[in-house]
Amino acid sequence: MAHYILAGDIGGTSSRFQLLLVDSIVEQQTERTLSHPTTVPRSLKSYNNSDYSTFPSILLTYLSSRSVPNMIPTVVVLACAGPVQNNKVVMTASSWKVNGEEIRDLLLEMQANKKEISGESLSELANIKDLGITVKIINDFAAQGYGVLTLPPKSLVPLNPSNPSPTPNGPKLVIGPGTGLGYCYLTSSGEVDDVADPSSDSQSGDYTVQTSEGGHGDFTPRSNFERLLLSNLCARYNAEECGSLGNRTKANRVATERVVSGAGIQNIYEFIRYQPNQKTLSPDADCSIRTSQKIDEKIDASPKGDMAAIIAKHAMRQDPACELAMRTFASSLANEIGSSILRFLPSGGVYISGGVTAKNIGLLKTTKFWEEVCNRGRLQKIVQGVPVFVVDNCEGVGVVGAGNYGWKVFKKIAGVYEVEAGATLDTDKNFTRTKNIYSKELINKMTAAGVVVGGVAAAAMAAIVINKRR
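A.B. asks: How would you sum up the nonpolar core? Please name residues and give values.
C.D. replies: Ranked by internal contacts, the top residues of the largest apolar core, which has 54 residues, are I337 and F369. Of the residues forming this core, the biggest block, 11 residues, is contributed by helix α11 (residues 320-344). I5, F141, A142 and A414 belong to the second-largest nonpolar core, a separate cluster that totals 34 residues.

What follows is the structure, given as structure tokens:
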């Protein structure tokens with residue numbers, strides 16, 4: 001019986017969807033097994049958010065596309081850019097509101113319409129007679145966290161010169177400058193899980209992603225230039241940063257993502273561009289930095305999402321203003337990473353994701369960048385011992401992570417548990433295991449009957465389930 005998992009990565013500027021197929025749930029006399037989901041061919045699609053007024057319209061466009069099977073997904077996981085509360089989110093970078101229950105109602109209505117038109121049964125359309133429809137809204141960077149767990153070593157570029165190995169089951173931290181500045185951290189139960197595709201090279205513990213809005217913490221300037229930048233941004237974003245205080249006071253802080261993000265690069269450049277006394281902005285007092293009129297015109301004529309790429313491109317061509325903007329971005333990112341290492345102590349590694357860093361790895365693979373990460377005074381040695389990586393190609397990590405979380409959800413609602421079936425005891429009383437998936441009800445029946453599978457009594461298997469899952 002086939003089931004589908006719909007994974008969506010809903011970012012600030014674009015949305016990506018992918019469909020996964022759980023090929024079969026095989027019922028046998030003593031066990032219920034699930035095959036690991038596979039990607040439906042040609043189901044990965046990307047859309048520009050600006051082309052759609054609401055999120056449901058973009059979702060319906062995807063579900064009606066020719067490369068997507070005529071089905072209703074059993075599980076939908078939507079990773080959205082914004083703080084998630086009660087399975088709802090208001091997108092940070094747009095006016096979109098995404099409500100998990102409303103999406104579920106929409107899918108149920110679609111299912112009813114399909115049944116009325118075709119006469120097909122519920123199980124033929126979506127198997128929802130057995131499992132229903134489950135929609136989960138998660139933070140977009142939570143999906144990045146679940147996606148990072150699947151990455152093979154070849155996708156990770158080490159920045160720590162000593163290249164220490166991640167501590168098994170150690171906490172992990174994911175930071176991602178993109179449209180904004182994403183954050184999440186991962187904690188492990190210590191048990192081995194199959195979150196990652198078994199065909200990948202990566203090995204992961206049973207990690208749970210903890211969401212964070214760390215990118216909205218305060219930007220901390222460390223130079224005269226950055227203090228001037230902070231003052232400029234405080235004035236510029238006064239209303240937004242003051243929040244409920246409104247016009248009764250002036251903002252004396254801005255979020256870190258106003259600087260450490262794609263939009264942040266644009267903010268830095270515009271600060272350089274519009275200052276009346278640009279000479280004071282240069283690290284060299286004898287040299288003034290002015291922006292190029294030609295580059296300014298390109299930026300003015302480009303879509304907002306392309307501005308950072310234009311600045312980065314001309315920084316590589318040694319335009320002084322663009323170089324200063326990118327150096328400030330990189331320096332501020334290094335400071336944020338170093339401070340975050342002290343906050344989280346991520347012995348399992350720091351993973352820098354996000355489109356901005358993936359396209360500008362050269363900025364991060366410098367001695368100066370690493371020195372700024374480690375510039376933590378008395379605790380410098382702690383930072384030097386933490387593995388830090390850049391995700392080389394993070395374009396699809398979010399949607400893969402949403403799919404992996406969907407797989408976790410699917411196993412839970414299907415009423416199946418992973419246990420080490422076929423386990424036997426060796427002379428050292430250590431288990432050797434082969435994985436099967438057993439339903440809770442089946443284990444109870446087996447226990448009552450005194451069934452022994454692969455040398456392990458069903459009662460012992462039930463204990464494994466209790467210890468592992470509860």
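A.B. asks: I'd like a description of the confidence of the model for the protein, backed by residues and values.
C.D. replies: Do not read the fine detail of predicted coordinates wherever pLDDT is low. This prediction gives the protein a mean pLDDT of 80; 73% of its residues lie at or above 70. A low-confidence stretch, residues 116-129 stays under pLDDT 50, and its non-local contacts, those more than four residues away or across chains, total 23 contacts.

A.B. asks: I'd like a rundown of a negative patch on the surface, residues and numbers included.
C.D. replies: Residues E101, E102, D105 and E109 make up a contiguous surface patch of negative charge. Within the fold, E109 resides in helix α2 (residues 100-118).

A.B. asks: Lay out a positive patch on the surface with the relevant residues and their values.
C.D. replies: Together, K294, K298, K313 and R317 give the surface a local cluster of positive charge. In this structure, K298 sits in helix α9 (residues 293-301).

A.B. asks: Mind laying out a nonpolar patch on the surface, listing which residues take part and the relevant values?
C.D. replies: On the surface, L345, L379 and I382 cluster together into a nonpolar patch covering about 250 Å² of accessible area. Within the secondary structure layout, I382 lies in helix α15 (residues 380-384).

A.B. asks: Can you tell me about the pattern of salt bridges, naming the residues and giving the values?
C.D. replies: Overall, the coordinates contain 7 salt bridges when judged by the stated rule. Note that E270 and R236 form a salt bridge whose closest N and O atoms lie 2.9 Å from each other. Remark: R236 occurs in helix α6 (residues 224-236) and E270 occurs in helix α8 (residues 262-274); sequence separation between them is 34 residues. Between R273 and D296 there is a salt bridge, with its nearest N and O atoms 3.5 Å apart. Separated by 23 residues along the polypeptide, R273 in helix α8 and D296 in helix α9 bring together distant segments of the chain. With a relative accessible area of 17%, R273 lands in the buried category.

A.B. asks: Could you give an account of the sheet that holds strand β9 (residues 88-90), naming the residues involved and the relevant values?
C.D. replies: The strand order across the open sheet built from 3 strands is β8-β9-β10, with neighbouring strands paired in antiparallel fashion. Of all the strands in the sheet, just β8 (84-85) and β10 (97-99) have a single pairing partner and so form its edges. Here β8 pairs with β9 via 2 bridges, running antiparallel. Across the sheet, residue Q85 finds its bridge partner in β9, namely K88.

A.B. asks: Help me get a handle on α9, residues and values and all.
C.D. replies: Along α9, the residues classified as buried are I295, D296 and I299. Buried residues along α9 cover an arc of 105° about the axis, so they all sit on one side. In this structure, α9 carries Q293, K294, D300 and A301 as exposed residues pointing more than 90 degrees from its buried face. Buried residues along α9 sit in contact with α8, α10 (307-316) and α11. Structurally, the start of α9 carries an N-cap: the backbone nitrogen of K294 is 3.3 Å from a side-chain oxygen of S292.

A.B. asks: Requested: an account of α10, with residues and values cited.
C.D. replies: Counting buried positions over the 10 residues of α10 gives 7, a clear majority of the element. The set of residues buried in α10 consists of M307, A308, I310, I311, A312, H314 and A315. Looking at the buried side of α10, the elements it contacts are α8, α9 and α11. Immediately downstream of α10, the backbone of Q318 shows phi near 70°, a positive value.

A.B. asks: Which residues make up the packing of α11 against helix α14 (residues 367-374), and what values go with them?
C.D. replies: Between α11 and α14, the least distance of the axes is 7 Å, while the angle of their chain directions is 40°. Taken as axis vectors, α11 and α14 run oblique relative to one another. Crossing hand, α11 versus α14: right-handed. Two secondary-structure elements touch here, α11 through A330, S331, L333, A334, I337, G338 and I341 and α14 through F369, E372 and V373. For the contact of α11 with α14, the residue count by class is 7 nonpolar, 2 polar and 1 charged.

A.B. asks: Explain the environment of G348 to me, using residue names and the numbers behind them.
C.D. replies: Assignment of secondary structure puts G348 in the loop between α11 and β16 (350-352). Taking the C-alpha atoms as reference points, G348 and T167, 181 residues apart in sequence, are found 4.8 Å from one another. Non-local contacts of G348, meaning those with residues more than four positions away in its chain, are made with P166, T167, G170, P171 and K172.

What counts, and at which threshold
- Residues numbered from 1 in each chain as written.
- Predicted model: local features only at pLDDT ≥ 70, side-chain atom pairs only at ≥ 80, totals over all residues.
- Heavy atoms only, no water.
- Core = buried A, V, L, I, M, F, W, Y, C linked by side-chain atoms within 4.5 Å.
- Buried < 20%, exposed > 50% of the residue type's maximum accessible area, 1.4 Å probe, protein only.
- Helix = DSSP H or I, 4+ residues; strand = E, 2+ residues; numbered from the N terminus.
- pLDDT = per-residue confidence, 0-100.
- Contact = heavy atoms within 4.5 Å.
- Patch = residues over 30% accessible without salt bridge, like charges linked within 9 Å, V, L, I, M, F, W, Y side chains within 5 Å.
- Areas by Shrake-Rupley, 256 points an atom, 1.4 Å probe, with all protein chains shown as cover.
- Salt bridge = Lys/Arg side-chain N within 4 Å of Asp/Glu carboxyl O.
- Lys, Arg positive; Asp, Glu negative; His and termini not counted.
- Charge placed at Lys NZ, Arg CZ, Asp CG, Glu CD.
- Pairing = 2+ DSSP bridges.
- Arc of directions from axis to C-beta.
- Polar contact = N/O pair within 3.5 Å; in protein donor to acceptor, adjacent residues only side chain to side chain.
- Axes fitted to C-alpha atoms, helices over the stretch in contact; angles between N-to-C directions.
- Parallel < 35°, antiparallel > 145°, perpendicular 65-115°, else oblique.
- Left-handed = near helix turned anticlockwise from the far one by under 90°.
- Nonpolar A, V, L, I, M, F, W, Y, C, P; charged D, E, K, R; others polar.

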